[in-house]
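Secondary and tertiary structure notes
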Amino acid sequence: MPIVQTNRGAGPDTIKILIATDSHVGYEERDPVRKDDSWRSFDEVLRLARSEDVDMVLLAGDLFHENQPSRKAMYQVMKSLRENCLGDKPCELEMLSDPSDVLNGDQVNYESLDINVAIPVFSIHGNHDDPTGEGNYCALDLLQVSGLLNYIGRMPESDNIEIKPVLLQKGQTKLALYGMSNVRDERLYRTFKDGKVKFYTPGVQPKDWYNIMAVHQNHHAHTETGYLPENFLPEFMDLIVWGHEHECLIDPRFNDEMQFHVMQPGSSVATSLVAGEAVAKHVAIAYVTGRTLETENIRIKSVRPFITRDIVLAEDKRFKKLADDQDNRPKITAGLIDIVNELIEEAVQEWEAIQDPDDMPDETPLPLVRLRVDYAAPEEGGKFDCENPQRFSNRFLGKVANVNDVVHFHMKRKASKMKKVAADLPAESVLAAMAAQDNVKVEKLVREYLAATSLKILPQTAFGDAVDLFVVKDDKHAMEQFVNDSLNTQVREMMKLGQDDEDDDEDLDPIMEQLRQRQEELFAKGDRKVKSHRKVKPKPAIWDSDIDGHWENAPEAYSEDDESLVSRPSRAADDDASVMSDAAPIKKAAAKRAPAKRAPTKTKAPTKLKAPAKKATPARGRKKATEPSDDEDDDIIMLDESPPPVKAQPKRAVATRTRQSQLNFSQVPKTQTQTPRELSDDEISDDDAFQPMASLPSSRRR
């Protein structure tokens with residue numbers, strides 16, 4: 001259907017619609033310079049609606065910048081709606097649909113007997129002013145209940161969406177207005193894929209209706225599922241008004257595949273300093289007559305002037321020759337200051353050119369200026385020493401509105417690195433096949449990816465097992481353990497080869513490949529496996545294996561060891577070696593000293609404590625390798641006393657009595673002569689039991 005650019009009034013059968021989106025009222029309202037930019041541009045849009053005598057206004061989301069707007073933002077919006085949309089002029093639109101289906105049970109505001117609405121406003125919510133909290137209300141609900149706006153396109157369920165049109169008629173023209181408020185892009189993509197988005201159409205004369213739809217989603221594929229493809233929308237649509245994207249592409253673009261037009265009005269205020277926001281801001285007036293559409297573009301004049309430019313120092317003739325200078329920062333800074341001043345003057349002149357000579361504003365607003373500087377060194381050599389961007393931007397205080405981010409220094413990535421990374425990726429067919437699946441196993445994903453790469457050290461099969469433990473089993477140290485094990489094996493084998501071969505100039509790549517293939521074969525045979533070093537927790541009583549699956553497959557079924565997995569192999573080897581090396585001499589020493597054991601406590605020991613004493617014998621041998629604690633000697637003093645203390649602490653007596661034979665061979669006479677004569681049961685206290693600690697270590701030192 002052709003689109004005609006026009007500049008005419010509306011006839012009795014023409015519905016005149018002002019289309020705008022992304023007003024972001026409340027943006028930067030705490031900034032001393034830009035605090036009023038958003039509501040002033042929104043107020044100009046509504047004043048255009050009144051001066052152009054439109055039948056209705058359509059807003060495609062993000063009326064407010066926050067879902068809980070400030071009182072100032074809400075006041076300015078309500079003030080503009082009241083001054084420009086209320087009046088004695090009768091609204092010629094006839095509401096044909098049930099308000100309970102499209103307006104949440106509320107009556108369309110221009111049919112209310114309590115308020116005189118001349119220009120009705122229909123709006124969906126965006127991602128900034130979306131519903132939240134108890135009752136799932138948003139700022140648009142407040143405006144609707146006050147009679148200033150009609151809130152359409154609610155999304156009660158984001159995974160089961162039903163979209164019903166607002167049916168309006170003027171003369172012989174019938175308009176079906178669809179609204180789909182913002183839903184998280186990934187979820188909406190899945191909902192469309194699952195076929196859970198249902199569109200309703202008029203039941204009477206469906207081919208006579210002109211269908212307009214307002215959406216607020218990502219228009220471009222930022223990620224694989226993070227946008228709304230145009231071919232997801234139904235083919236019976238005639239015009240799609242696309243919100244959320246701030247670049248102004250106001251002229252309707254025809255989609256050959258879906259046979260409808262797409263209009264992207266863009267924002268009415270710049271919320272980011274990018275090139276897309278620097279495009280002139282417009283609103284559109286659509287004239288719908290029967291099944292035809294004509295449009296008229298109107299520029300918003302109150303928008304703060306914004307200009308941006310990109311320069312490459314290595315290619316700019318003014319800066320290229322400075323790369324070889326020793327101290328080039330002052331000259332580079334001076335050249336960039338001149339460029340910024342030129343941009344300021346250019347922005348101001350452009351803003352003054354679009355103003356009405358008969359109604360010039362009292363003062364010219366400070367412009368927004370953005371200079372992107374690529375300071376990568378030229379290929380011939382040298383470098384560019386640039387000033388701190390914050391300090392550079394503050395030089396223009398009082399000249400620009402963005403005094404903190406006038407300049408942005410960056411270095412462009414080299415294409416060679418990008419090509420190298422792209423060459424290592426799997427084939428596009430492999431990635432597309434994996435992306436088409438809903439659930440991809442980690443092992444298969446790694447295997448397909450590694451098939452396109454080359455590994456010299458790490459075995460590929462075990463790599464997939466380690467990644468599976470890391471992702472599926474939630475073993476945080478699985479990859480670390482796998483890499484360390486593989487590297488230790490490689491180093492060990494290489495050291496053996498180094499001892500056998502005297503030729504140091506031999507190429508190591510074939511040898512490393514042979515070692516890696518040998519590990520692959522061992523993993524294939526099952527001789528080596530990547531195992532998790534975590535401990536399995538006891539299965540909870542509430543765990544149902546039939547419903548929840550095997551307890552061992554759950555990530556929460558495992559607990560991490562206290563020691564780091566990086567050092568576990570070496571520590572385990574060292575511990576085993578130390579135990580084995582210490583065990584032999586300890587046993588021999590015990591065999592030689594066995595006849596000399598004459599501790600009196602051994603003959604007095606009760607028979608029920610013999611079994612624990614035998615079990616503790618190996619531990620006694622190990623403990624001899626380390627320095628005994630002072631507490632053990634204190635316990636010996638207590639044990640050499642009368643039996644009542646031993647009965648009071650039977651468990652402690654077993655451990656200490658076992659240690660007594662190894663600690664007191666050289667001190668038996670001393671302890672036997674001191675303790676029975678100087679201490680008694682009544683005199684022993686907790687403090688007395690630890691008094692000998694000061695003397696025992698000194699005796700060991702001697």
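So, here's what we can say about the structure. (Residues numbered from 1 in each chain as written. Predicted model: local features only at pLDDT ≥ 70, side-chain atom pairs only at ≥ 80, totals over all residues. Heavy atoms only, no water.)

**Some details on the pattern of salt bridges**
Convention followed: Any Lys or Arg side-chain nitrogen located within 4 Å of an Asp or Glu carboxyl oxygen qualifies as a salt bridge. Where helices and strands are cited, they refer to DSSP runs of H or I of at least four residues and of E of at least two residues respectively, numbered from the N terminus. Summary of the burial criterion: residues with accessible area below 20% of their type's maximum are buried, those above 50% are exposed, and those between are partly exposed, where the area comes from a 1.4 Å probe applied to protein chains only.
Counted by the stated rule, this structure contains 22 salt bridges. Notably, a salt bridge pairs K170 with E92, separated by 3.6 Å at the nearest N-O pair. With K170 in strand 8 (residues 166–170) and E92 in the loop between helix 2 (71–85) and strand 4 (94–95), the pair connects residues that are 78 residues apart, well separated along the chain. A salt bridge links D316 to R318, with the nearest nitrogen and oxygen atoms 3.1 Å apart. Note on R318: relative accessible area 43%, which makes it partly exposed. Shared partners join several salt bridges into a network, and the residues in it are D36, R40 and K72.

**Observations concerning empty space enclosed by the protein**
A probe matching the size of a water molecule, rolled over the atoms, marks out where space remains unfilled. Worth spelling out the cut-off: Throughout, the protein atoms alone are placed on a 1 Å grid, and a set of points is a cavity if a 1.4 Å probe fits but cannot get out or a pocket if it is open with protein on both sides within 12 Å along at least five of seven lines; lining residues have an atom within 4 Å of a point. Grid points are joined across faces, edges and corners, and a volume is the space filled by probe spheres set on the points. By the convention adopted, Pro, Cys, Tyr, Trp, Phe, Met, Ile, Leu, Val and Ala count as nonpolar, Lys, Arg, Asp and Glu as charged, and the other residues, Gly among them, as polar.
Counted under the stated rule, the structure contains two cavities of 30 Å³ or more. Roughly 40 Å³ of volume is contained in the second largest cavity. Forming the walls of the second largest cavity are V25, G26, E29, K35, S38, W39, K72, A73 and Q76. Looking at which element gives the most residues to the lining of the second largest cavity, the answer is helix 2, with three residues. Looking at side-chain class alone, the lining of the second largest cavity contains three nonpolar, three polar and three charged residues.

**Looking at the sheet that holds strand 8**
Keep this limit in mind: Note on pairing: two strands pair once DSSP finds at least 2 bridges between them.
Pairing is mixed in the open sheet, where seven strands are placed in the order 4-8-9-11-12-14-13. Across the chains shown, the open sheet's two edge strands, defined by having one partner strand only, are strand 4 and strand 13 (249–255). With five bridges connecting them, strand 8 and strand 9 (residues 173–180) associate as antiparallel partners. In the sheet register, K170 faces strand 9, and the bridge partner there is T173.

**Focus on the packing of aromatic side chains**
Operational definition: Classification of ring pairs rests on two measures: the distance between centres of Phe, Tyr or Trp rings, Trp counted by its six-membered ring, which must be within 6.5 Å, and the angle between planes, read as stacked under 30 degrees, edge-to-face over 60 and tilted in between. Only Lys NZ and Arg CZ are tested; either one counts as a charge over a ring when it is within 6 Å of the ring centre and within 35 degrees of the ring normal.
Scanning all chains against the criterion turns up seven aromatic pairs. When the ring of Y189 is compared with that of Y227, the centres are 6.2 Å apart and the planes differ by 45°; the resulting orientation is tilted. Of this pair, Y189 sits in helix 5 (residues 185–193) while Y227 is found in the loop between strand 11 (209–216) and strand 12 (239–243), placing the two residues 38 residues apart along the sequence. Taken individually, Y189 and Y227 each receive the classification buried, so the pair is uniform in this respect. Three or more aromatic residues link up through ring pairs in this structure, and these residues are Y189, F192, Y227 and F232. Geometry around Y200 places K164 over its ring, the cationic atom sitting 5.0 Å from the centre.

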